[in-house]
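One letter stands for each residue in the lines below.
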Amino acid sequence: MTGKIIGTGSYLPELVWDNHKLTEWLDTNDEWIRERTGIGQRHISKDLGAGKMALEAAKKAMEDAGKAGLGAEDLDAIFVCTVTPDIMVPSIACEIQKMLGAVNAFAYDINAACSGFVFVYNMAVAYMETGLIKNALIIGSEQLSSMMDWNDRSSCILFGDGAGAVVVTACEQKGASVMHSDGASGEALQCVTGGKLSMDGQKVFRFALKRVPEVVEEILAKMEMEKEQVDLFLLHQANMRIIEAVIKRLGLEPEKVPSNIDRMGNTSSASLPILLDELNREGKLRTGMKLVMAGFGAGLTWGAGYITT
Ligand code: ACO
């Protein structure tokens, strides 16, 4: 059993801060940020929190899924992943269920940081395997600007705001999931409720370079697939240098590893669904494609998922 994409949507705040904007108060420059991260700009949400951004992305994904004949009442589950919830009770997912009129769905939020979308997608497929659900709406939404220390130039340059949503339906084809956590290394990326993010950038960098290639190889082995059989590898958009290093280490064709980090920065759990929505709207997702997604982030957490179109 695997998941098949039948609708995508995203929401990006109108306000855009390019690297030059950050130099108004930070001792940094466009060249350093581009060279070390590949990031040129990020979206910043001043008015909408993670809940409202998630709703906007969800509405667009449902509109897209409507073309395949799927309506809100056909949803069996709604999952939202976020590390920046603007409401805690009820969950953002329940709010979205209400707003969409998805009366047959159960709904809840999870936090697996930047691995959130991969983890929650794998969780949805596991529910599909038990027969509990057939159709799920999965959303990653983050207002990371609210947890940045905007005077910490080693972290605030990396992150951006936005939301992405994907409607997934159960598909009777082989699938595979890989998920790992290492709570003992959690101090590498931390934020207490209402506080500001602190990060050991080099530690996270080394962790990503080791673990992302590992999980991609792990999922290919579980799928009994060669990398050449995969149409696209969708990697969490954290740093272009990490993406390029993974391409090199695994010997992937760069055209098969799309990226939008130059325009988005790192949007944590929203990065993969925003990327999927971009690809979909650009007509780059054709029926029957084989996609491998890989994520890593705070926890520490890392994992990979297989999805088709
Ligand atoms: N502008 C200019 N100079 C800077 C900046 C900046 N924004 N930030 C740091 N520097 C300086 C440092 O002070 C240091 O100066 P020094 O040599 O005089 O001491 C120098 O640049 C090098 O700093 P490093 O920290 O060694 O730079 P590095 O090449 O490691 O890049 C970065 C830092 C971009 C943070 C990198 O380590 C990284 O991308 N790590 C991964 C982070 C990541 O992906 N986090 C998200 C994980 S996903 C999640 O769950 C949130």
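Residues numbered from 1 in each chain as written. Predicted model: local features only at pLDDT ≥ 70, side-chain atom pairs only at ≥ 80, totals over all residues. Heavy atoms only, no water.

A. Quick peek at helix 7 (residues 240–250). Buried within helix 7 we find Ile242, Ile243, Val246, Ile247 and Leu250. Seen end-on, helix 7 carries its buried residues on one side only, within an arc spanning 140°. Projecting away from the buried face of helix 7 at angles above 90 degrees are the exposed residues Lys248 and Arg249. Close packing links the buried residues of helix 7 with helix 6 (201–223), strand 11 (232–235) and strand 12 (290–297). (Buried < 20%, exposed > 50% of the residue type's maximum accessible area, 1.4 Å probe, protein only. Helix = DSSP H or I, 4+ residues; strand = E, 2+ residues; numbered from the N terminus. Arc of directions from axis to C-beta. Contact = heavy atoms within 4.5 Å.)

B. Representation of the pattern of salt bridges. Following the criterion strictly, the structure yields 15 salt bridges and no others. With a shortest N-O distance of 2.9 Å, Glu214 and Lys210 are connected by a salt bridge. Highlighted residues: Glu214 and Lys210, both in helix 6, separated by 4 residues, approximately one helical turn. On the basis of relative accessible area, Glu214 is assigned to the partly exposed category, the value being 29%. We note a salt bridge from Arg263 to Glu278, for which the minimum N-O separation is 2.8 Å. Taken together, the residues Arg263 in helix 8 (residues 261–264) and Glu278 in helix 9 (residues 271–281) connect sequence positions 15 residues apart. Bridged by salt links that share partners, the residues Lys210, Arg211 and Glu214 form one connected network. (Salt bridge = Lys/Arg side-chain N within 4 Å of Asp/Glu carboxyl O.)

C. Examining the nonpolar core more closely. If you look at the biggest cluster of nonpolar residues, it comprises 51 residues, and the most contacted ones within it are Met148, Ile219, Leu235 and Phe296. When residues no more than four places from it in sequence are discounted, the contact partners of Leu235 are Val212, Val216, Ile243, Val246, Val257, Leu272 and Ala294. (Core = buried A, V, L, I, M, F, W, Y, C linked by side-chain atoms within 4.5 Å.)

D. Examining the packing of helix 3 (residues 50–66) against helix 4 (residues 92–100) more closely. At a minimum axis distance of 10 Å, the contact between helix 3 and helix 4 shows a crossing angle of 45°. What the angle tells us is that helix 3 and helix 4 run oblique. Relative to helix 4, the crossing made by helix 3 is right-handed. Of helix 4, the residues touching helix 3 (which contributes Ala50, Gly51, Ala54, Leu55, Ala58, Lys59 and Met62) are Ile92, Ile96, Met99 and Leu100. (Axes fitted to C-alpha atoms, helices over the stretch in contact; angles between N-to-C directions. Parallel < 35°, antiparallel > 145°, perpendicular 65-115°, else oblique. Left-handed = near helix turned anticlockwise from the far one by under 90°.)

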